[in-house]
Amino acid sequence: MRESASAQELLDWYDRNARRMPWRVGPDARRLGVRPDPYRIWMSEVMLQQTTVAAVKSYFETFTARWPTVVDLAAAEDADVMAAWAGLGYYARARNLLKCARAVANDHGGVFPDTREGLLSLPGIGPYTAAAVAAIAFDRPETVVDGNVERVMARLHDEHTPLPTAKPVLTEMAAALTPQERPGDYAQAVMDLGATICTPRKPACGLCPWRKPCAAWEAGTAAELPRKLPKKRKPTRLGIAYLARRVDGAWLLERRPDKGLLGGMLGWPGSDWGDAPQDDPPIRAEWRELPAEARHTFTHFHLRLTVKTALVPMDRAPIRGDFVELPDFSPSDLPTVMRKAFDLAKDS
């Protein structure tokens, strides 16, 4: 770089341009002595993993209105939390959310540990979340590195090693810039810079407070960085979803095992997901196969579900699953792929 980047330059930019978020205490409020709520910071960081700010805001507001403290969340029913999480994806996060809340409530008197090491001792909290909560909630000088920060560091240093191979060196670069003063605001400033200025496509270099020290800007390579290794092609798995409705309007549902994909979520009984799913209906009925499939993409594979529907009499008992009375059934409580199957059945 032609000159070293300055944390103070970035903090000055953040003071003028910080994004407003429901979990954030902005720089003006921080100067007046308002402290971030560790519970809200932790909640937002868990929700934001592999999800966008836009997608998270409404979920965050719903959760914190319904469970305003970590003790309230710890006392919640598992099914209620899983239902409130439906549609946000990566459902293991919801299970870990409850485990962590209960550990804080039961083992720490409802108070989050204020160090990275203490936070790492909690279930479901990994290195990134521990660093983020320690920095943002407690102003610890921890290095917080997400995708935005990786992109900023790669461009600032014109680092062409592809991700994920480059993660350790980009983390070292980020650590070298993390200040002792205002580390929480600084962590949020770098993430805001990546989200609003140093964007994946068409970075607004002319508005960047780090333009002068940016090696990629000088070299004209900013738009090419960070480089990434080619992604492996996702396989496609097949499955069958059985949507049985009783004549009184009740739907046959079953809760998935706690472990595995969509663990603990309520959904339609179905087959295993693989190359050749076996027909295994959950109740005796005249099943009708719909002409359209429910299609969904997970992190590691594409899923194509054959949707079968049936209307069953009141006295017919299911082999697995339970009927949910119509007033107690809410499609919005289903994970996205299950809701897609429901939409097909409803429209048919």
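You'll find the structure just up there.
Quick caveat: nothing in here was measured; it's all calculated off a predicted structure.

1. Observations regarding the overall build of the protein
Here is step 1: Secondary structure assignment for the protein yields 14 helices and six strands.
Here is step 2: Projected onto its principal axes, the C-alpha positions of the protein cover 75 × 45 × 30 Å.
Here is step 3: The proportion of buried residues among the 348 residues of the protein is 46%.
Here is step 4: Long-range contacts, defined here as pairs at least 24 residues apart, represent 71% of the contacts in the protein between residues at least 6 apart.
Here is step 5: Just so you have it, the protein exposes about 17,400 Å², and 50% of that area is on carbon and sulfur atoms.
Here is step 6: Positive and negative side-chain charges of the protein, numbering 47 and 44 respectively, have mean locations separated by a distance of 5 Å.

2. Thoughts on the environment of Ile125
Here is step 1: With respect to the helices and strands, Ile125 occurs in the loop between helix H8 (116-120) and helix H9 (127-138).
Here is step 2: As for Ile125 and Ala341, which are separated by 216 residues in sequence, their C-alpha atoms are 33 Å apart.
Here is step 3: Those residues within four positions of Ile125 in sequence are excluded, and the remaining contacts are Trp42, Cys100, Leu119, Leu120 and Ala130.

3. Comments concerning the nonpolar core
Here is step 1: Residues Trp42, Met153, Trp210 and Trp268 are the most contacted members of the largest nonpolar core, which totals 99 residues.
Here is step 2: When neighbours within four sequence positions are excluded, Met153 is seen to be in contact with Leu170, Met173, Ala174, Leu177, Tyr186, Val190 and Trp210.
Here is step 3: Ranked by size, the runner-up nonpolar core spans six residues in total, among them Ala244, Leu252, Val312 and Phe323.

4. Here's the deal with the state of the cysteines
Here is step 1: Overall, the coordinates contain zero disulfides when judged by the stated rule.
Here is step 2: Unpaired in this structure, Cys205 has its nearest cysteine sulfur neighbour in Cys214, at a distance of 6.3 Å.
Here is step 3: Looking at Cys208, it has no disulfide partner, and the nearest cysteine sulfur is the one in Cys198, 6.2 Å off.
Here is step 4: Judged by relative accessible area, which is 18%, Cys208 ranks as buried.

5. A short note on helix H4 (residues 53-66)
Here is step 1: For H4, spanning 14 residues, the distance from its first C-alpha to its last is 20 Å, which sits close to the expected 20 Å at 1.5 Å a residue.
Here is step 2: Inspection of H4 places Val56, Tyr59, Phe60, Phe63 and Thr64 among the buried residues, and these make up the whole buried set.
Here is step 3: For H4, the elements touching its buried residues are helix H3 (38-48), helix H6 (78-85) and helix H7 (92-107).

6. Quick notes on a positive patch on the surface
Here is step 1: On the surface, Arg201, Lys228, Lys231 and Lys234 cluster together to form a positively charged patch.
Here is step 2: Residue position: Lys231 is located in the loop between helix H13 (215-219) and strand S1 (236-246).
Here is step 3: Of the residues examined, Lys231 reaches a relative accessible area of 80% and is grouped as exposed.

7. So, the packing of H3 against H9
For any two helices packed against each other, the geometry comes down to the angle between their axes and how far apart the axes lie.
Here is step 1: Direction vectors running N to C along H3 and H9 enclose 145°, while the axes themselves pass 9 Å from each other. The handedness of the crossing between H3 and H9 is right-handed. Where H3 approaches H9, its residues Pro38, Ile41, Trp42 and Glu45 are matched on the opposing element by Tyr128, Thr129, Ala132, Val133, Ile136, Ala137 and Phe138.

8. Considerations on the packing of H9 against helix H12 (residues 183-196)
Here is step 1: Their axes nearest at 7 Å, the elements H9 and H12 cross at an angle of 125°. For the element pair H9 / H12, the angle class is oblique. Along its contact with H9, which presents Tyr128, Ala135 and Ile136, the element H12 presents Pro183, Gly184, Ala187, Gln188 and Met191.
Here is step 2: Among the residues making up the contact of H9 with H12, the classes are represented as six nonpolar, two polar and no charged.

9. A short note on the environment of Arg93
Here is step 1: By secondary structure assignment, the location of Arg93 is in helix H7.
Here is step 2: Relative accessible area serves as the criterion here: at 7%, Arg93 is assigned to the buried category.
Here is step 3: For the pair Arg93 and Pro281, spaced 188 residues apart in sequence, the C-alpha separation works out to 30 Å.
Here is step 4: Once you skip the residues sitting within four places of it in the chain, Arg93 turns out to touch Val46, Met47, Leu48, Gln49, Thr51, Trp85 and Leu88.

10. With respect to H3
Here is step 1: Of all 11 residues making up H3, nine are buried, and the element is well covered by its neighbours.
Here is step 2: Taken residue by residue, H3 has Pro38, Tyr39, Ile41, Trp42, Met43, Ser44, Glu45, Val46 and Met47 as its buried positions.
Here is step 3: Those residues of H3 hidden inside the fold are in contact with H4, helix H5 (70-74), H6, H7 and H9.
Here is step 4: For H3, the side-chain oxygen to backbone nitrogen distance between the N-cap and Tyr39 is 3.0 Å, and the N-cap itself is Asp37.
Here is step 5: Positive phi appears at Gln50, one or two residues downstream of H3, with a value of about 60°.

What counts, and where the lines are drawn
- Residues numbered from 1 in each chain as written.
- Predicted model: local features only at pLDDT ≥ 70, side-chain atom pairs only at ≥ 80, totals over all residues.
- Heavy atoms only, no water.
- Helix = DSSP H or I, 4+ residues; strand = E, 2+ residues; numbered from the N terminus.
- Buried < 20%, exposed > 50% of the residue type's maximum accessible area, 1.4 Å probe, protein only.
- Contact = heavy atoms within 4.5 Å.
- Areas by Shrake-Rupley, 256 points an atom, 1.4 Å probe, with all protein chains shown as cover.
- Lys, Arg positive; Asp, Glu negative; His and termini not counted.
- Charge placed at Lys NZ, Arg CZ, Asp CG, Glu CD.
- Core = buried A, V, L, I, M, F, W, Y, C linked by side-chain atoms within 4.5 Å.
- Disulfide = S-S within 2.5 Å.
- Expected span 1.5 Å × (residues − 1).
- Patch = residues over 30% accessible without salt bridge, like charges linked within 9 Å, V, L, I, M, F, W, Y side chains within 5 Å.
- Salt bridge = Lys/Arg side-chain N within 4 Å of Asp/Glu carboxyl O.
- Axes fitted to C-alpha atoms, helices over the stretch in contact; angles between N-to-C directions.
- Left-handed = near helix turned anticlockwise from the far one by under 90°.
- Parallel < 35°, antiparallel > 145°, perpendicular 65-115°, else oblique.
- Nonpolar A, V, L, I, M, F, W, Y, C, P; charged D, E, K, R; others polar.
- Polar contact = N/O pair within 3.5 Å; in protein donor to acceptor, adjacent residues only side chain to side chain.

Just distances and angles here, no functional claims.
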